[in-house]
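This is what each chain is made of:
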Amino acid sequence: MKLFKALLSIAVTLVLIWALQTKFGDIPPISEFLNPVSGFWQNAESKNFKPEEYLHLEGLQGKVTIRFDEHRIPHIFAENDHDLYYAQGYLTARDRLWEMDIQTRSAAGRLSEIVGPKALDLDRYHRRMGMTYGAENTLKGFMKDPMMKMVIEAYTEGVNSYIHHLKKRDYPIEFKLLGYAPEEWKPINCAYLLKLMSETLAGGSSQFAMTNDLKRFGAKDVNDLFPDYPFHEDPIIPVGTKWDFKPLPIPKPSKDFIALMTDTIKPRERVPGIGSNNWAIAGNKSASGYPILANDPHLNLTFPSIWYQLQMTSPTVNVYGVSLPGAPCIVIGYNQKISWGVTNVDADVLDWYQVKFKDNSKNEYWYNNKWNKTGKRIEVINVLGQKPVYDTVIYTHHGPVVYDNVSQKPKEGHENIPVGDALRWIAHDESDEFMTFYLLNRGKNYDDYRKALTYFTAPAQNFIFASNDKDIAITPNGKIPLKFRDQGKFIMDGSDPANDWQGWIPYDQNPTVKNPPRGFVSSANQSSTDQTYPYYINWRFELYDRGKRINDKLKVMQNATIDSMRLMQMDNYSMRAQDVLPAMLRYIDTSKLHADQLKVFQIVKKWDKHFAANSVGASIFNAWWLKFNDLVWDEFRDDKMLLNVPSFDRTEKLLLTEPNSKWFDLKGTPTKETCADIVNQAFTSSVDNLLKNLGQPGEKWEWGNVKETHINHLANLPGFGTGQFYTGGTGAVINALRGGNGPSWRMVVQMGPQVKGYGVFPGGESGNPGSYYYEDMFATWRDGKLNELLFLQSPDEKSNRIRSTLTLSSK
Amino acid sequence: MLFLIILILSFISSFFLPWWAAAAIAFLTAWVIGKTSGKTFWSGFGAIFVLWVILALIKSIPNDNILASRVIQLFPLPHQWILLLLITALIGGLVGGLAALSGVLAKKAFSK
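Residues numbered from 1 in each chain as written. Chains lettered and ligands numbered in written order. Predicted model: local features only at pLDDT ≥ 70, side-chain atom pairs only at ≥ 80, totals over all residues. Heavy atoms only, no water.

When helices and strands are counted, chain A shows 22 helices and 28 strands. Computed over its C-alpha atoms, the radius of gyration of chain A comes to 28 Å, within 12% of the 28 Å expected for a compact globule of 811 residues. If one aligns the C-alpha atoms of chain A with their principal axes, the spans along those axes are about 85 × 70 × 65 Å. A buried classification covers 63% of the 811 residues belonging to chain A. Considering only contacts in chain A between residues 6 or more positions apart, those separated by 24 or more positions represent 72%. Approximately 30,900 Å² of chain A is accessible, and the part contributed by carbon and sulfur atoms is 54%. When the 93 positive and 93 negative side-chain charges of chain A are each reduced to one mean point, those points stand 1 Å apart. (Helix = DSSP H or I, 4+ residues; strand = E, 2+ residues; numbered from the N terminus. Rg over C-alpha atoms; globule rule 2.2 N^0.38 Å. Buried < 20%, exposed > 50% of the residue type's maximum accessible area, 1.4 Å probe, protein only. Contact = heavy atoms within 4.5 Å. Areas by Shrake-Rupley, 256 points an atom, 1.4 Å probe, with all protein chains shown as cover. Lys, Arg positive; Asp, Glu negative; His and termini not counted. Charge placed at Lys NZ, Arg CZ, Asp CG, Glu CD.)

All names here are of chain A. Core analysis: the largest hydrophobic core is formed by 213 residues, its most contacted members being F40, I76, W307, F434, F437, L554 and M565. Per-element tally for this core: the top contributor is helix α3 (residues 81–107), with twelve residues. Counting residues in hydrophobic clusters, the runner-up holds 50 residues, among them M210, L593, L643 and W701. (Core = buried A, V, L, I, M, F, W, Y, C linked by side-chain atoms within 4.5 Å.)

It is worth spelling out empty space enclosed by the protein at this point. Residues and elements named next belong to chain A. All told, the structure shown has seven cavities of 30 Å³ or more when counted by the stated rule. The volume enclosed by the second largest cavity comes to roughly 220 Å³. Along the walls of the second largest cavity sit 19 residues, with M197, L201, V331, V342 and Q461 positioned nearest its centre. Going through the elements one at a time, α9 (187–202), β5 (292–300), β10 (338–344) and α12 (433–441) are the ones with two or more residues in the lining of the second largest cavity. Residues belonging to the lining of the second largest cavity are distributed by class as follows: 14 nonpolar, five polar and no charged. (1 Å grid on protein atoms, 1.4 Å probe; cavity = no way out; pocket = protein on both sides within 12 Å on 5 of 7 lines; lining within 4 Å. Points joined across faces, edges and corners; volume = space filled by probe spheres on them. Nonpolar A, V, L, I, M, F, W, Y, C, P; charged D, E, K, R; others polar.)

So, on to the interface of chain B and chain A. You'll often see interface size given as the accessible area lost when the parts meet. If you look at the interface, chain B gives 41 residues, while chain A gives 41 residues. Taking both partners together, chain B and chain A bury about 3,500 Å²; carbon and sulfur atoms supply 73% of that area. Of all residues in chain B, W19(B), L67(B) and R70(B) give up the largest surface area on contact with chain A, accounting jointly for 22% of the area buried on that side. Linking chain B with chain A are two salt bridges. A salt bridge links D64(B) to K47(A), with the shortest nitrogen-to-oxygen separation between them at 3.2 Å. Counting across the interface, chain B meets chain A through 16 residue pairs in polar contact (both at pLDDT 80 or more). For the side of chain B that touches chain A, the element with the most residues is helix α5 (residues 81–110) of chain B, which contributes 17 residues. Residue classes in the side of chain B that touches chain A are distributed as 30 nonpolar, six polar and five charged. (Buried area = accessible area lost by both parts, 1.4 Å probe. Salt bridge = Lys/Arg side-chain N within 4 Å of Asp/Glu carboxyl O. Polar contact = N/O pair within 3.5 Å; in protein donor to acceptor, adjacent residues only side chain to side chain.)

This part is about the pattern of salt bridges. Residues and elements named next belong to chain A. Going through the model one piece at a time under the given rule, you end up with 39 salt bridges over all chains. As a salt-bridge pair, R105 and D101 come within 2.9 Å of each other at their nearest N and O atoms. Residue R105 and its partner D101 are located together in helix α3, separated by four residues, close to a single helical turn. Note on D101: relative accessible area 8%, which makes it buried. The salt bridge involving K358 is made with E364; its shortest N-O contact spans 3.7 Å. In the salt-bridge network here, residues are joined through shared partners; they are D101, R105, R110, E113 and E183.

This brings us to the sheet that holds strand β19 (residues 492–493) of chain A. Across a sheet, strands are paired by hydrogen bonds formed along the backbone, either parallel or antiparallel in direction. Residue and element names in this part refer to chain A. Strand order in the open sheet formed by three strands is β16-β11-β19, with mixed pairing between adjacent strands. The open sheet terminates on both sides in strands that have one partner only, identified here as β16 (421–425) and β19. Looking at chain direction, strand β11 (residues 350–354) and β16 are connected through five bridges and run antiparallel. By the bridge assignment for β16, Y353 is matched with A422. (Pairing = 2+ DSSP bridges.)

Bringing the side chain of E174(A) into the picture now. Secondary-structure assignment places E174(A) in helix α8 (residues 173–178). Contact partners of E174(A), with chain neighbours within four places excluded, come to W98(A), H713(A), G767(A) and P769(A).

Residue and element names in this part refer to chain A. Extensive coverage of β11 is indicated by the burial of five of its five residues. With burial as the criterion, each face of β11 is covered, one bearing L350, W352 and Q354 and the other bearing D351 and Y353. Bridge analysis of β11 against β19 gives two bridges, and the strand direction is parallel. Residue pairing in the sheet places Q354 in a bridge with D493 of β19.

This brings us to the pairing of strand β17 (residues 461–467) of chain A. Sheet faces and side chains relate simply in a regular strand, where the side chains alternate between the two faces. Residues and elements named next belong to chain A. β17 sits mainly inside the fold: seven of its seven residues count as buried. Judged by which residues are buried, β17 turns out to be covered on both faces: Q461, F463, F465 and S467 on one side and N462, I464 and A466 on the other are all buried. Bridging between β10 and β17 involves seven bridges; their strand directions are antiparallel. Residue pairing for β17: V342 is matched across the bridge by F463.

On to the packing of helix α1 (residues 2–13) of chain B against helix α3 (residues 37–60) of chain B, then. All names here are of chain B. Their axes nearest at 8 Å, the elements α1 and α3 cross at an angle of 40 degrees. Judged on the interaxial angle alone, α3 and α1 are oblique. The handedness of the crossing between α1 and α3 comes out as right-handed. The segment α1 lies against α3, with L2, F3, I6, L7, S10 and F11 engaging T40, S43, G44, G46, A47, I48, V50, L51 and L55. Class assignment of the residues belonging to the contact of α1 with α3 gives a composition of ten nonpolar, five polar and no charged. (Axes fitted to C-alpha atoms, helices over the stretch in contact; angles between N-to-C directions. Parallel < 35°, antiparallel > 145°, perpendicular 65-115°, else oblique. Left-handed = near helix turned anticlockwise from the far one by under 90°.)

Following this line, the structure appears as structure tokens:
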């Protein structure tokens, strides 16, 4: 009996300990997470740091001094470049290890390893899109270049040096929550980060939907509704800029072939409104006489922040700015001589090709009038708690056949397997993008800037530039395929060599402008050039609204200061409202409105066209415009078929110049509607909806309350993000803050003998939710302010902003 | 006495051994000096309960409980970080108590 009791008690104890240490479904091992010996309590950081810290690390060649300012931004002083990138890797890992892990893991299609089969679709998508294939190619490019090899390897060494000394209790909290351990960093992870950027900025496509449009509406309507140049435009390179080069011959269009529609590929939809702003003004427009440069890249906002801020100094460089956690060098920033920034170009660098296979074995495909061998790449996806999944991806000379419906849609049971489409994507090519940043970090003048750009492949960016020589410039730049007009607007015939990319636009013929007479350069993802540029880059770009507003403001600006630029970055003025609201108001027949609708009409009529947080007019206009757009393009709503809806620019043209267009007629009604009918109907219907949901116009109607702005944790953990906050801005205004997307880094740099930088990002340097530096810059960012950036000239420079010093030396 | 010994030994072990070492310590200590089952259970329970409260607070107080206040929001509970401390300590206490009880019962079973 005694023995039984003892054994029972021991058994219960052991089972309890086992249960507490085991992961059940999504619930982390309870005790692993909660125990204060090694669990999450250990991640609670004190606000007090040791003012002096010394560490001995393997692999360093000299001494590295790192000074931390009041935001815990590191200022690295290294004796050589190896140690500089080593320290960057080490410090980034110390602050952002989980972010680095999860982002590269996601890009590499390896999420299933840690969360199980629910991530399998996403992993398979990334593998089949060729993210791994592309990263491997890119890595080859890096490693061919001895300089980049050194940089990547030193960075990797630094990251691993941190990981190797990590005890379980020091793991970032997300590892404890998900129940896995950090793994060795590999050079290819740096390439994965670039692939991720390409996926975000140049990985969407509308060819499939466009091809469906073509089948549904015919070429005449599609050409009319999806023109190659927008109605409203104010291009990046000023209209009339002369092209001082002899262009290469443009390839001949292939036989007009429209690929058969398949309902099987589901490429990621192009997300509208992804974009960024940058501009630089010449010295004659600034108060100091030197140029000022501003940049705010818009991305999905997350905690930990997308960017990691730091200053990097060695005998060859002294640069300040933001880096991508997991990649060496500063991506956007400045040094003593130059400053630079980027926005997305939106070049068409992703195309789909219809492939004709000989038979179901798919070993051969038809191309150039003969059968050609396909390649096969087996992707092994390890899955937590299950056997690995083997996924075979077929490659043609274009690239991977992304959709293989046998494995993707078994439940549909298609008898005749439709032919998949092959993907040609710039992100698959060998490249050496970090070299661009390496050179820009060290750049001294315009020539250095131009040289640096020739190394950049993808995603193509509008590189803006300002220097102490008082030069300003902008260049939509990347490796851009040489195409015939509209090549890749629709799915193409993969058997015709004429549809292949026929080479590249030479780098020195990418659109560029230096010191234009208007005294400023700018970009906001709109068309790169006017219609005289000899090459085809894409048929559509982002809407002109932000770019136009920026240009309008800069045209009249004089004696500009840092603060004028800061205020411009926060500008909420809606160019769309300026363009369309007067016409929409004119159409309204007020005699048909009821009292509440009339009240709302008066508000929007008096609205100042700013999407300010406290603006009620903004909420009304926004709902009205969206409803109008919905009603106009009702023909494009189809549950069974993916269709591309014409752009807002096209809607604007319709509203302003084609009041009797057939598109105003609603499908489901016997009457024939005109523009006036639709404008009125959109108004009453959207206003009634607002009245129903929000009551009488008042605080609830304020734009800051209507639009849902928030910043979430990368894993969407409740309590780890900001929650919803009250703010202005929207997609098509300079302050493009909407939902969880917006200015991920705002920077303004005043050039001059003493360069002065200002900047802020929404979050903090630390990725640890238990740190005081997890979101310490958020409020500054939300309130539209900038921090003065501390740009030290030597490790011993006195500054009352320095809080602590870390000294690294070799073992 | 039992309470204090388990508390002190587990505290020391927490610096270099995993959390479940506390269970082994409670078990062995109870085997050596444990007397009645009830008292031993509560000594083990109390020791680890108190230890985990102390260990958690050593980290959480200088942190102004920022992290605990975030983490509690992951649980379907009121957003009071103190609840998280309570859950943590109860789990530790339960393991400590059961391990100590097992220790004393095992002694009784094998000591004749």
